[in-house]
Amino acid sequence: LSIDEWAEKQISLPYPNPTSNRVSFKLGNIGRSVNISIYTIYGQKLFNNTVNSGNGFIELKLNDEWQGPLLVIFEGDFGKVARKIFKI
């Protein structure tokens, strides 16, 4: 597997999706820090945070003002992985 293919398999699809206020991801055996950003489909950055260990489970609380399709971007030594969510 290439690094990109490996990373795609390590970060689960969002649950629940669509969602109203929280979204969760299961992170596989990444083992390093992961930068997490949320963008609108127009490219506006809404959120950015770094998680020190990319193993386990992460839950993101979504701002009540955010609506519609959003992109959650995971970046680290493994490259970049994007997941789409729909905020209702």
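Cut-offs and rules
Residues numbered from 1 in each chain as written. Predicted model: local features only at pLDDT ≥ 70, side-chain atom pairs only at ≥ 80, totals over all residues. Heavy atoms only, no water. Helix = DSSP H or I, 4+ residues; strand = E, 2+ residues; numbered from the N terminus. Buried < 20%, exposed > 50% of the residue type's maximum accessible area, 1.4 Å probe, protein only. Phe/Tyr/Trp six-rings, centres within 6.5 Å; stacked < 30°, edge-to-face > 60°. Salt bridge = Lys/Arg side-chain N within 4 Å of Asp/Glu carboxyl O. pLDDT = per-residue confidence, 0-100. Polar contact = N/O pair within 3.5 Å; in protein donor to acceptor, adjacent residues only side chain to side chain.

A. Focus on the overall build of the protein. Tallying secondary structure elements over the protein gives one helix and six strands in all. Scanning the protein from its N terminus toward the C terminus, one meets helices and strands in the order α-β-β-β-β-β-β. When its C-alpha atoms are laid out on the principal axes, the protein stretches across 35 × 25 × 20 Å. For the protein, the residues scored as buried account for 35% of the 88 residues in total.

B. Looking closely at the packing of aromatic side chains. In total, this model carries one aromatic pair according to the counting rule given. When the ring of Phe25 is compared with that of Phe74, the centres are 5.0 Å apart and the planes differ by 75°; the resulting orientation is edge-to-face. Residue Phe25 is located in strand S1 (residues 22-27), and its partner Phe74 is located in strand S5 (residues 68-76); the two are separated by 49 residues in the primary sequence. Each member of the pair, Phe25 together with Phe74, is buried.

C. View of the pattern of salt bridges. Going through the model one piece at a time under the given rule, you end up with two salt bridges. Among the ionic pairs, Arg83 bridges to Glu8, the shortest N-O distance being 2.8 Å. One end of the pair, Arg83, is in strand S6 (residues 79-87); the other, Glu8, is in helix H1 (residues 3-10), and 75 residues separate them in sequence. A relative accessible area of 8% places Arg83 in the buried class. We note a salt bridge from Arg22 to Glu59, for which the minimum N-O separation is 3.4 Å. One end of the pair, Arg22, is in strand S1; the other, Glu59, is in strand S4 (residues 56-61), and 37 residues separate them in sequence.

D. Representation of the confidence of the model for the protein in the model. Chain-level statistics for the protein give a pLDDT mean of 89 and a share of 92% at 70 or above. Model confidence for the protein, summarised as mean pLDDT per element, is weakest for H1 at 77 and strongest for strand S2 (residues 34-40) at 96.

E. Quick peek at the environment of Asn63. With respect to the element layout, Asn63 can be found in the loop between S4 and S5. For Asn63, a relative accessible area of 34% corresponds to the partly exposed category. The spatial distance from the C-alpha of Asn63 to the C-alpha of Ser20 is 9.3 Å, given a sequence separation of 43 residues. At 2.7 Å, the side chain of Asn63 and the backbone nitrogen of Glu65 are in polar contact.

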